[in-house]
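Summary of structural features
Residues per chain are reported as follows:
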Amino acid sequence: MANITLKQLKAFVAVARTQSFTDACIQVHLSQPALSIAIKNLEEEVGGALFSRTTRAIALTPEGEEFYPVARKILQDCDTALDDLNQRFAMNRGRVVLAAMPSFASSLLPGLIREYRVLYPSVSVTVNDVIAEDVVDMVRNGQVEVGLTFDPGRSEDLSFTPLFDDRFVAVVYPEHELAERQDIAWQALLKNDFIALQRPSSIRLLIEAKLRQLGMQVHPEFETHQLATIGRMVVTGLGVSAVPSLCIGQMREQGAVCRELHTPVMSRPVGIVTRKRYPLSTAARSLVDIIQASAGELAQEVRLT
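Given the structure is predicted, the values throughout are model-derived calculations rather than measurements. (Residues numbered from 1 in each chain as written. Predicted model: local features only at pLDDT ≥ 70, side-chain atom pairs only at ≥ 80, totals over all residues. Heavy atoms only, no water.)

**Comments concerning the side chain of Thr61**
Note the cut-off: Secondary structure elements are taken from DSSP: a helix is a run of H or I of four residues or more, a strand is a run of E of two residues or more, and numbering for both begins at the N terminus. Summary of the burial criterion: residues with accessible area below 20% of their type's maximum are buried, those above 50% are exposed, and those between are partly exposed, where the area comes from a 1.4 Å probe applied to protein chains only. Here, residues are in contact when the closest pair of their heavy atoms is within 4.5 Å.
Mapped onto the secondary structure, Thr61 falls in the loop between strand S2 (58-60) and helix H4 (62-89). You can call Thr61 buried: its relative accessible area is 11%. With residues up to four places along the chain from it excluded, the contact list for Thr61 reads Ala49, Leu50, Phe51 and Ser52.

Okay, here's the thing in structure tokens:
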């Protein structure tokens, strides 16, 4: 059965519908010899006659009668599938599923999606707002096509396209004496009660590793799982913290003050994570192109001004 072609099925359905080889030739745009060969090859492939032919009429055999609705459905399903595929390539239909760490999803991503939807209003977008580590896992497991997160490091199965470097900034409450400074040294920040993300957060681990290189240590008074909670705790006056600059807008909305951090300056590349051996769908590729084209603007948006 592997040798049955769409051409043969179309020829069979046309003859069955019209009960005329002449009329069928017109419908399928074949010469009569070509149509006859297509029917003959199909009958040889299925193992028996599908038509009963006389000098005056053409009729379906009992087997042909059984096969006729099946052949019609196969052709209809094929037409539907090809039309759907064409619509997806033309971006008139489709869906993009991506994952983004919360700091990116709540700050930069909405504007990018808005730009995408202006160009492709018929393509739906599903965003998984998950922590940075889960973004990488979802891409690796094929749950999403695109991830927006920190650089996951060298990997045999993942590709990382950097967009900008996300610098860490100090977060203090408005009445704190450090709020009067334009920039703050880590040593000065750590003299205060420090609020940190819980391990094994990659942000927490990076801060500890960088400070350890300079002989400094973090001894948090408070730990939490969400960056949003850190902002609320800082504003309440429980202490100070350090967060990626992606969170500046969120921190300010809660009433916190953000300042440049130095000695050391800490930053992490933020970018697009995809699977190496799996090409992106047309819809996902178009979104990635928009994000990459906006890299300079994204870098500007996360700067502390």
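**Observations concerning the environment of Pro264**
With respect to the element layout, Pro264 can be found in the loop between strand S11 (257-262) and strand S12 (267-275). Under the relative-accessibility criterion, Pro264 is labelled buried at 17%. Measuring from C-alpha to C-alpha, the distance between Pro264 and Asn192 comes to 17 Å, with 72 residues separating the pair along the chain.

**Thoughts on unusual backbone geometry**
Between Arg199 and Pro200 the backbone carries a cis peptide bond, its omega angle lying at 10 degrees. As for its position among the elements, Pro200 is in the loop between strand S8 (195-197) and helix H9 (202-213). The linkage connecting Thr263 with the following residue, Pro264, adopts the cis geometry, with an omega of 5 degrees. Even without glycine at this site, His29 takes up a positive phi of about 60 degrees. Residue placement: His29 occurs in the loop between helix H2 (21-28) and helix H3 (32-46). Under the relative-accessibility criterion, His29 is labelled exposed at 71%. Relative to the helices and strands, Thr263 resides in the loop between S11 and S12.

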